[in-house]
Amino acid sequence: MTTEAPTDSPATAQAIRDVDHSYVFHPWSVQSQAPQLAVAGAEGCYFWDYDGKRYLDFSSQSVNVNIGHQHPHVVAAIQRQAARLCTFSPNVTIDVRSQAAQLIAEHTPGDLNKIFFTNGGAEAVENAVRMARLHTGRHKVLSAYRSYHGSTTTAINLTGDPRRWPSDTGSAGVTHFWGPYRYRSEFHSETDEQECERALRHLEQVIAFEGPMLIAAVLLETVVGTAGVLVPPDGYLAGVREICDRHGIVFILDEVMSGFGRTGRWFAADHWGVVPDLLTFAKGVNSGYVPLGGVAVSPEIADSFSDVPYPGGLTYAGHPLACASVVATIEAMRSEGAIENAAAIGRDVLAPGLRTLADRHASVGEVRGLGVFWALELVRDKTTREPLVPYNATGREAQPMAEFTAECKRQGLWPFVNMNRTHVAPPCIITEAEVNEGLSYLDSALKVADRYCRTTQ
């Protein structure tokens, strides 16, 4: 693989941008502000533009390229499958689909051994909720305010962040509640133990007032992703599991972002030994090389459809090319120790390195995370914890984060920035040297954020 841009790169890049701006309707974007970066190639933890500038990918793109860009084993597997069988209906048996399901089931928590394939994470959430509603005969679903579950109809209503607002029908059978977040506790907690206890008590109250006999499911991101990389306190997920069991409520864990090595385990639930009734996945299952997601289903819920058809499916569910990439990704992760590397990098390099940055910079209020899944919460004042920019800031109010982001990119770091946070989510295969390179870029960029602080260090 070459890491060099074509020799006619500036003209080529402009031509690509011109066609893009004329014909591509971009997601989550103001269409008059089309992206300027034209990507020429990628490999491992880096990608580069047509001018030859390289970026260290501290975002794994959409926090999905867990195995890194252009992994040769995965690319070759897709090529071999394309030469043999490009596509086929999901309602027949093909070897690679069965193999992919078996490999996924070998790593899911507990007995979640039936795999329902989708094309991505939002569809996985849609179908998990449908399964829960049909299984229980109930309709309401509870989810957390600080969450993101996808942009399809049910998934966007379950989402807690502002991306929900333009599409919120107010009639989707969804009730939101506060999950644990001690740094900005809704419960006035001073310890993790208090935050866990009070968050569980709050959830019980919401269930009591919503009517437990009406609630089909509680849906949680195991580790909250885009809304802040919020690691739950010990005991919280087990407490939710117990509450759900007591009321006959289906417990769904969304591991679309946190699964397949991101937190240093195959699934984030493994850190706490909790087994949900349904688990959604996508992204890291095949590093996004070909679209694929799914739901891992418990035997009890699967049995609900033993003698009646499940009323749902997708034309491209379990697509052969996608399944081939799943098999190759899991094989590569196992043989190359990607999960173990993510755990070690998080423990030995990212955790101490990011905390050193927090000590050095007035703008870093908190560091939190697991594996290769971290967040720096940026503030104007460490004592008051005032965010560097207001919640859902736009325009001039968002300028401090915009300047920080621009400086990251100028340095050669591709960040994942949301509201007043920068997330650190490189591929699971990242090396210590690459992490240290990224931390040096962050160190420089945080000086921009420091200028907006009321106190200096």
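Draft legend 1. Representation of the overall build of the protein in the model. From N to C terminus, the protein includes 13 helices and 16 strands. Against the 2.2 N^0.38 benchmark of 23 Å for 457 residues, the protein shows a C-alpha radius of gyration of 22 Å, consistent with a compact globule. For the protein, with 457 residues in total, the buried portion stands at 56%. Carbon and sulfur atoms make up 51% of the accessible area of the protein, which totals about 19500 Å². Between the averaged position of the 38 positive side-chain charges in the protein and that of its 51 negative side-chain charges there is a distance of 4 Å.

Draft legend 2. Region of the structure containing the environment of D111. Relative to the helices and strands, D111 resides in the loop between α4 (95-105) and β4 (114-118). Residue classification places D111 among the partly exposed positions, given a relative accessible area of 39%. Sequence separation of D111 and G261 is 150 residues, and the distance between their C-alpha atoms is 19 Å. Those residues in contact with D111 that sit more than four places away from it in its chain are V275, V297, S298 and P299.

Draft legend 3. Layout of unusual backbone geometry. With a phi angle near 55°, W28 is a residue other than glycine that sits in the positive phi range. By the element assignment, W28 lies in the loop between α1 (9-23) and β1 (39-43). A relative accessible area of 53% means that W28 is categorised as exposed.

Draft legend 4. Looking closely at the nonpolar core. Of all hydrophobic cores here, the largest spans 72 residues; its most connected members are I104, F117, F281, L350, L354 and L442. Dropping the residues within four chain positions of it, I104 is found in contact with I115, F117, F260, F281, V285, V326 and I330. Core analysis: the second largest hydrophobic core is formed by 33 residues, V223, V240, C244 and I249 among them.

Draft legend 5. Representation of the packing of aromatic side chains in the model. Overall, the coordinates contain 10 aromatic pairs when judged by the stated rule. Ring centres of F116 and Y310 lie 5.3 Å apart, and the angle between their planes is 80°; this geometry places the pair in the edge-to-face category. Placement of F116 in strand β4 and of Y310 in the loop between α9 (299-303) and α10 (320-336) is noted, with a sequence separation of 194 residues between them. For the residue pair F116 and Y310, the accessibility class agrees, reading buried in each case. Measuring from ring centre to ring centre gives 4.7 Å for Y145 and W178, while their planes differ by 40°; the resulting arrangement is tilted.

Draft legend 6. Structural detail: the sheet that holds β4. If you walk across this open sheet you meet the 7 strands as β4-β10-β9-β8-β7-β5-β6, and the pairing is mixed. Of all the strands in the sheet, the pair left with one neighbour each is β4 and β6 (174-177). If you compare each strand with its neighbour and ignore which way they point, the axes differ by 20° on average. Both strand β5 (residues 140-144) and β6 contribute to a ladder of 4 bridges, which runs parallel. Counted as the bridge partner of V141 is V174 from β6. Against the sheet, α4 makes contact with β4 and β9 (278-281), and its axis sits at roughly 120° relative to β4, the strand it touches most. The sheet strands contacting helix α7 (residues 192-210) are β5, β6 and β7 (215-221), and the helix crosses β6 at an angle near 155°.

Draft legend 7. Structural context of the sheet that holds strand β2 (residues 46-49). Strand order in the open sheet formed by 4 strands is β1-β2-β3-β14, with mixed pairing between adjacent strands. Of all strands in the sheet, those with a lone pairing partner are β1 and β14 (413-414), marking the two edges. Bridging between β2 and strand β3 (residues 54-57) involves 3 bridges; their strand directions are antiparallel. Each bridged residue has a counterpart across the sheet, and for W48 the counterpart in β3 is R54.

Draft legend 8. Spotlight on the pattern of salt bridges. Counted by the stated rule, this structure contains 20 salt bridges. In this structure, the salt-bridge partner of R146 is E186, at a minimum N-O distance of 3.0 Å. Of this pair, R146 sits in the loop between β5 and α6 (153-158) while E186 is found in the loop between β6 and α7, placing the two residues 40 residues apart along the sequence. One salt bridge connects R410 with E407, and the closest N-O pair in it is separated by 2.9 Å.

Draft legend 9. The arrangement of the layout of surface pockets in detail. As a volume, the second largest pocket reaches approximately 790 Å³. Lining the second largest pocket are 23 residues, and of these P90, I115, F116, F117 and Y310 lie nearest its centre. Within the residue set of the lining of the second largest pocket, elements represented by two or more residues are α4 and β4. Here the element with the most residues in the lining of the second largest pocket is β4; it accounts for 4 residues.

Draft legend 10. Representation of the side chain of D277. Its place among the elements puts D277 in the loop between β8 (250-254) and β9. Looking at D277, the relative accessible area reads 13%, which means it is buried. Here the side chain of D277 touches R241 through a polar contact of 2.8 Å, side chain to side chain. Only 2.8 Å separates the side chain of D277 from the backbone nitrogen of F251, close enough to count as a polar contact. Discounting chain neighbours no more than four positions away, the residues touching D277 are L112, R241, I249, V250, F251, A296, V297, S298 and I301.

Calculation notes
- Residues numbered from 1 in each chain as written.
- Predicted model: local features only at pLDDT ≥ 70, side-chain atom pairs only at ≥ 80, totals over all residues.
- Heavy atoms only, no water.
- Helix = DSSP H or I, 4+ residues; strand = E, 2+ residues; numbered from the N terminus.
- Rg over C-alpha atoms; globule rule 2.2 N^0.38 Å.
- Buried < 20%, exposed > 50% of the residue type's maximum accessible area, 1.4 Å probe, protein only.
- Areas by Shrake-Rupley, 256 points an atom, 1.4 Å probe, with all protein chains shown as cover.
- Lys, Arg positive; Asp, Glu negative; His and termini not counted.
- Charge placed at Lys NZ, Arg CZ, Asp CG, Glu CD.
- Contact = heavy atoms within 4.5 Å.
- Core = buried A, V, L, I, M, F, W, Y, C linked by side-chain atoms within 4.5 Å.
- Phe/Tyr/Trp six-rings, centres within 6.5 Å; stacked < 30°, edge-to-face > 60°.
- Pairing = 2+ DSSP bridges.
- Axes fitted to C-alpha atoms, helices over the stretch in contact; angles between N-to-C directions.
- Salt bridge = Lys/Arg side-chain N within 4 Å of Asp/Glu carboxyl O.
- 1 Å grid on protein atoms, 1.4 Å probe; cavity = no way out; pocket = protein on both sides within 12 Å on 5 of 7 lines; lining within 4 Å.
- Points joined across faces, edges and corners; volume = space filled by probe spheres on them.
- Polar contact = N/O pair within 3.5 Å; in protein donor to acceptor, adjacent residues only side chain to side chain.

Read these as spatial facts, not as claims about activity.
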